[in-house]
Amino acid sequence: MGLYKNNNTKLFQERRGIVYKFLNHIKNNFTSCRRKLSPFTNRGLLFWVFTLAVLCFISLAAFSFHGKLEHGMLPWREMQENYIGHDVPDRATKKPRRQRFFPCEVAFRDSVDFLIEPKDFLNFTQFSLRYMETEKKASHSDAHEPKFGGHQTPEEREQSFFAVNQTIRCGFVRGAEGFPSTGFDLKEEDKRYVSACGVVVSSCIFGSSDFLRRPTSKLISEYSKKNVCFVMFVDEETLSTLSKEGNAPDDGGFVGLWKLVVVKNLPYTDMRKTGKVPKFLTHRLFPSSRYSIWLDSKLRLATDPMLIIDHFLWQTGSEYAISNHYTRHCVWEEVLQNKRLNKYNHTAIDEQYSFYQSDGLTKFDPSDPNPPLPSYVPEGSFIVRAHTPMSNLFSCLWFNEVDRFTSRDQLSFAYTFLKLKRMNPDRPFHLNMFKDCERRSLVKLFHHRELSAPPLPRIN
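No experiment lies behind these values; they were computed from the predicted model shown.

(A) Seen up close, the overall build of the chain. Each helix and strand counted, the chain has 15 helices and 12 strands in total. Sorting the 460 residues of the chain into buried and exposed places 42% on the buried side. Partitioning the intrachain contacts of the chain with sequence separation of at least 6 by distance along the chain shows that 83% fall at a separation of at least 24. Split by element, the accessible area of the chain, about 27900 Å² in all, is 55% carbon and sulfur.

(B) Structural view of the packing of aromatic side chains. Applying the stated criterion to the full structure yields 30 aromatic pairs. Ring geometry for phenylalanine 101 against tyrosine 326: centres 4.9 Å apart, planes inclined by 55 degrees, an arrangement best described as tilted. On the criterion of sequence distance, the pair formed by phenylalanine 101 in the loop between α3 (76–84) and β1 (129–131) and tyrosine 326 in the loop between β9 (320–324) and α11 (331–340) is long-range, its members being 225 residues apart. When its relative accessible area of 27% is taken as the criterion, phenylalanine 101 is described as partly exposed. Overall, tyrosine 326 belongs to the partly exposed group, its relative accessible area being 35%. Through successive ring pairs, a cluster of aromatic residues spans Phe148, Phe172, Phe184, Phe206, Phe233, Tyr268, Phe286 and Phe399. In this structure, lysine 259 is placed above the aromatic ring of tyrosine 193, and the distance from its NZ or CZ to the ring centre is 5.3 Å.

(C) Quick look at the sheet that holds strand β4 (residues 228–234). The sheet built from eight strands is open, its strands ordered β5-β6-β4-β3-β7-β10-β9-β11 with mixed pairing. What marks the edges here is a single partner per strand, and that holds for β5 (254–255) and β11 (431–434). Looking at chain direction, strand β3 (residues 199–205) and β4 are connected through seven bridges and run parallel. What sits directly across from valine 199, in β4, is valine 228.

(D) Quick peek at the nonpolar core. Counting 60 residues, the largest nonpolar core has Phe184, Phe233, Trp398, Phe413 and Leu431 as the members making the most contacts within it. The leading source of residues in this core is helix α13 (residues 389–404), at eight residues. Look past the residues within four positions of phenylalanine 413 in its chain and what remains in contact with it is Ile322, Leu373, Ser375, Tyr376, Pro378, Phe394, Trp398, Leu431 and Met433. Of all hydrophobic cores here, the second largest spans 38 residues; its members include Leu115, Val201, Met232 and Ile293.

(E) Spotlight on the side chain of asparagine 432. Its location among the elements puts asparagine 432 in strand β11. Here the side chain of asparagine 432 touches phenylalanine 312 through a polar contact of 3.2 Å, landing on its backbone oxygen. Those residues in contact with asparagine 432 that sit more than four places away from it in its chain are Phe312, Thr316, Ser318, Tyr320, Ala321 and Ile322.

(F) Highlighting the side chain of arginine 385. For arginine 385, the position within the fold is in strand β10 (residues 378–386). Although arginine 385 is buried, it forms no salt bridge, and the closest oppositely charged side chain is aspartate 296 at an N-O distance of 9.3 Å. There is a polar contact of 2.5 Å between the side chain of arginine 385 and the backbone oxygen of lysine 279. Those residues in contact with arginine 385 that sit more than four places away from it in its chain are Lys279, Phe280, Thr282, Arg290, Tyr291, Ser292, Trp294, Leu313, Glu319, Tyr320, Ser391 and Ser395.

(G) The packing of α13 against helix α14 (residues 413–423), seen in detail. Two elements in contact, α13 and α14, have axes whose closest approach is 10 Å; the angle formed by their N-to-C orientations is 135 degrees. Considering the angle they form, α13 stands oblique to α14. The handedness of the crossing between α13 and α14 comes out as right-handed. Of α14, the residues touching α13 (which contributes Met390, Leu393, Phe394, Leu397, Trp398 and Glu401) are Phe413, Tyr415, Thr416, Phe417 and Leu420. Along the lines of polarity and charge, the residues of the contact of α13 with α14 split into nine nonpolar, one polar and one charged.

(H) Looking closely at the state of the cysteines. Throughout the structure, instances matching the rule amount to three disulfides. A sulfur-sulfur distance of 2.1 Å marks the disulfide that ties cysteine 170 to cysteine 396. Because the torsion about its S-S bond is -85 degrees, the bridge between cysteine 170 and cysteine 396 counts as left-handed. Pair noted here: cysteine 170 is in the loop between β2 (166–168) and α5 (188–195) and cysteine 396 is in helix α13, with a separation of 226 residues, a long-range link. The buried category is assigned to cysteine 170, whose relative accessible area is 0%. Across the disulfide from cysteine 197 sits cysteine 229; the S-S distance is 2.1 Å. Taking the sign of the S-S torsion, about -95 degrees here, the bridge from cysteine 197 to cysteine 229 comes out left-handed. With cysteine 197 in the loop between α5 and β3 and cysteine 229 in strand β4, this residue pair connects regions lying 32 residues apart in the sequence. Since its relative accessible area comes to 11%, cysteine 229 is described here as buried. By sequence order of its bonded cysteines, the chain has the disulfide arrangement 1-6, 2-5, 3-4.

(I) Representation of the pairing of β4 within the structure. Judged by how many residues are buried, β4 sits mostly within the fold: seven of seven residues are covered. Burial along β4 is two-sided: the face carrying Val228, Phe230, Met232 and Val234 and the face carrying Cys229, Val231 and Phe233 are both buried. Sheet topology places β4 next to strand β6 (residues 258–262); four bridges connect them, and they run parallel. Bridge pairing in β6 links valine 231 to lysine 259.

Quick notes on the rules
- Residues numbered from 1 in each chain as written.
- Predicted model: local features only at pLDDT ≥ 70, side-chain atom pairs only at ≥ 80, totals over all residues.
- Heavy atoms only, no water.
- Helix = DSSP H or I, 4+ residues; strand = E, 2+ residues; numbered from the N terminus.
- Buried < 20%, exposed > 50% of the residue type's maximum accessible area, 1.4 Å probe, protein only.
- Contact = heavy atoms within 4.5 Å.
- Areas by Shrake-Rupley, 256 points an atom, 1.4 Å probe, with all protein chains shown as cover.
- Phe/Tyr/Trp six-rings, centres within 6.5 Å; stacked < 30°, edge-to-face > 60°.
- Lys NZ or Arg CZ within 6 Å of the ring centre and 35° of its normal.
- Pairing = 2+ DSSP bridges.
- Core = buried A, V, L, I, M, F, W, Y, C linked by side-chain atoms within 4.5 Å.
- Polar contact = N/O pair within 3.5 Å; in protein donor to acceptor, adjacent residues only side chain to side chain.
- Lys, Arg positive; Asp, Glu negative; His and termini not counted.
- Salt bridge = Lys/Arg side-chain N within 4 Å of Asp/Glu carboxyl O.
- Axes fitted to C-alpha atoms, helices over the stretch in contact; angles between N-to-C directions.
- Parallel < 35°, antiparallel > 145°, perpendicular 65-115°, else oblique.
- Left-handed = near helix turned anticlockwise from the far one by under 90°.
- Nonpolar A, V, L, I, M, F, W, Y, C, P; charged D, E, K, R; others polar.
- Disulfide = S-S within 2.5 Å.

Pasting the structure below:
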């Protein structure tokens, strides 16, 4: 024990001597520097030496702790990753803020009282357009079930784009005698009502996909309330849902300005495709109408329909008016967006776009000083049209593309217009593509009804 103590004492003395020699060495150096630079006192020298020693001690302690961290602890980033991988939810990422779009001012006339239809306004390109009502029964080898859109051959499809006297398929094609109806059946009293309409505002709700949004009555003139038909096409399921929500029609079938017309035997299982029938074939459903306005069920009309017809058709000399899309202008962009949001089967979308490319559709060129259209993608929820031969032909052709391919009508708009224009260079089609902000000033926009998912099947 004594030997151990003496050895420790001796060792301590040796270390103390080394420290003193080191301090004396530093003192001598500082003394020489003091003579050359500035006067340091002994007390000041000891202060700086003590400060240096403290800094060295802190550095050594930090390095020692870091070494223990590397060998015995995980870095914070690694700890965070491990925790996230083991039952700790990741921090919710903030969704990017959606871009907002606003209406712009539209210079409507002050009143409908002095509106006058321009003389000979409907005398655009003239030809006789008839519609196939019935397809003859095919031979046994080519037997097929009747289709609402008919069975069009590639040659017949190509011929239908010429603006000449002809009979084309344009929906409502019935089968031969003995075959059942192909769909979109109306009651006789409703047929009589729609057949008498001269100016029409129409929409539809199928499959209870939306609420009933009544036009803003105080913004509709008394003239329009008396002379314009407001027709909402619904199926029986939607009628039942609306009635439960307090929108049961009166004895005349009206809910406010809307005349509810019930459609039986829907022609397609795809409700979106069924909705294209009243959207595109207004001239077929309302055979006596001269003008029509279509609005999707997510919109509430907030402008007098006669002021709309005057502004977008009469004042511009147009027979068809539709707004451009608010962000997309190229069909390829629309293809990508539809696939990204899974709006339709990707293979079907690719097949449709590939076919259009092979038939001459090119990408929209924003640098073109004279483009055939301001945009190749429309915002198709609002359409204004005069029921002229070219307008009716375009509507039929656009519907036939939806019937043949996908229900995403924005994919087929530009192709249909450009092909019609290309095949009839001497017969112009006067289409007015107006700004989307103008569309927003005509209506109030809502979201579609959110339908709950069907219950999962029970597992026994």
